[in-house]
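Chain residues, written in single-letter form:
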Amino acid sequence: QVQLVESGGGLVQAGGSLRLSCVASGRTISSYVMGWFRQAPGKEREFVAAISWSGGTTRYSDSVKGRFTISRDNAKNTVYLQMNSLKPEDTAVYYCAAGTPGRSFSEAINGMDYWGKGTLVTVSP
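Residues numbered from 1 in each chain as written. Predicted model: local features only at pLDDT ≥ 70, side-chain atom pairs only at ≥ 80, totals over all residues. Heavy atoms only, no water.

Throughout the structure, instances matching the rule amount to three aromatic pairs. Measuring from ring centre to ring centre gives 6.5 Å for Tyr-32 and Tyr-114, while their planes differ by 50°; the resulting arrangement is tilted. In this pair, Tyr-32 is assigned in the loop between β3 (18–25) and β4 (33–39) and Tyr-114 in strand β10 (residues 114–115), connecting sequence segments 82 residues apart. Residue classification places Tyr-32 among the buried residues on the basis of a relative accessible area of 4%. Judged by its relative accessible area of 16%, Tyr-114 falls in the buried class. One aromatic cluster is present, formed by Phe-37, Phe-47 and Trp-115 through successive ring pairs. Between Arg-45 and the ring centre of Tyr-95, over which it is positioned, the NZ or CZ distance is 5.9 Å. The lysine or arginine in question, Arg-45, covers the ring of Trp-115, its NZ or CZ lying 3.7 Å from the ring centre. (Phe/Tyr/Trp six-rings, centres within 6.5 Å; stacked < 30°, edge-to-face > 60°. Helix = DSSP H or I, 4+ residues; strand = E, 2+ residues; numbered from the N terminus. Buried < 20%, exposed > 50% of the residue type's maximum accessible area, 1.4 Å probe, protein only. Lys NZ or Arg CZ within 6 Å of the ring centre and 35° of its normal.)

Turning next to the pattern of salt bridges. Side chains that carry opposite charge are capable of pairing whenever their charged atoms lie near each other. Counted according to the given criterion, the structure contains five salt bridges. The partner of Arg-103 in a salt bridge is Asp-113, with the nearest N and O atoms 2.7 Å apart. Here Arg-103 is found in the loop between β9 (92–99) and α1 (105–110), whereas its partner Asp-113 is found in the loop between α1 and β10, with ten residues between them in sequence. The exposure class assigned to Arg-103 is partly exposed, which follows from its relative accessible area of 31%. Judged by its relative accessible area of 36%, Asp-113 is partly exposed. A network of salt bridges, in which partner residues are shared, links Arg-38, Glu-46, Arg-67 and Asp-90. (Salt bridge = Lys/Arg side-chain N within 4 Å of Asp/Glu carboxyl O.)

Worth remembering: the numbers are spatial, not functional.
Quick look at the structure:
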């Protein structure tokens, strides 16, 4: 079992920045695909970003590409999401997720196995 705990959310003005962290416990995540998803009020959860086990491959949704950066520190069992140039439409609960190894990058993104409880990001106009 992998437990994921997100932190770093908060209230920020449009144009500002936040860095989210996701610390994993229970198992080392060095071989897991890791991702960030978000759910805005009244909307379905959506993909934000993902990173391969080595960090060599990343993928972003079109809505955050060029503004957000996902990274990982396997020695710390931690994944980060640096969010710059934030917009009010980025307001959501952000969830960290982990996909077990043995699948393709896309398969892991579409079938994450472990989820954190989320951290709220609110971007004011």
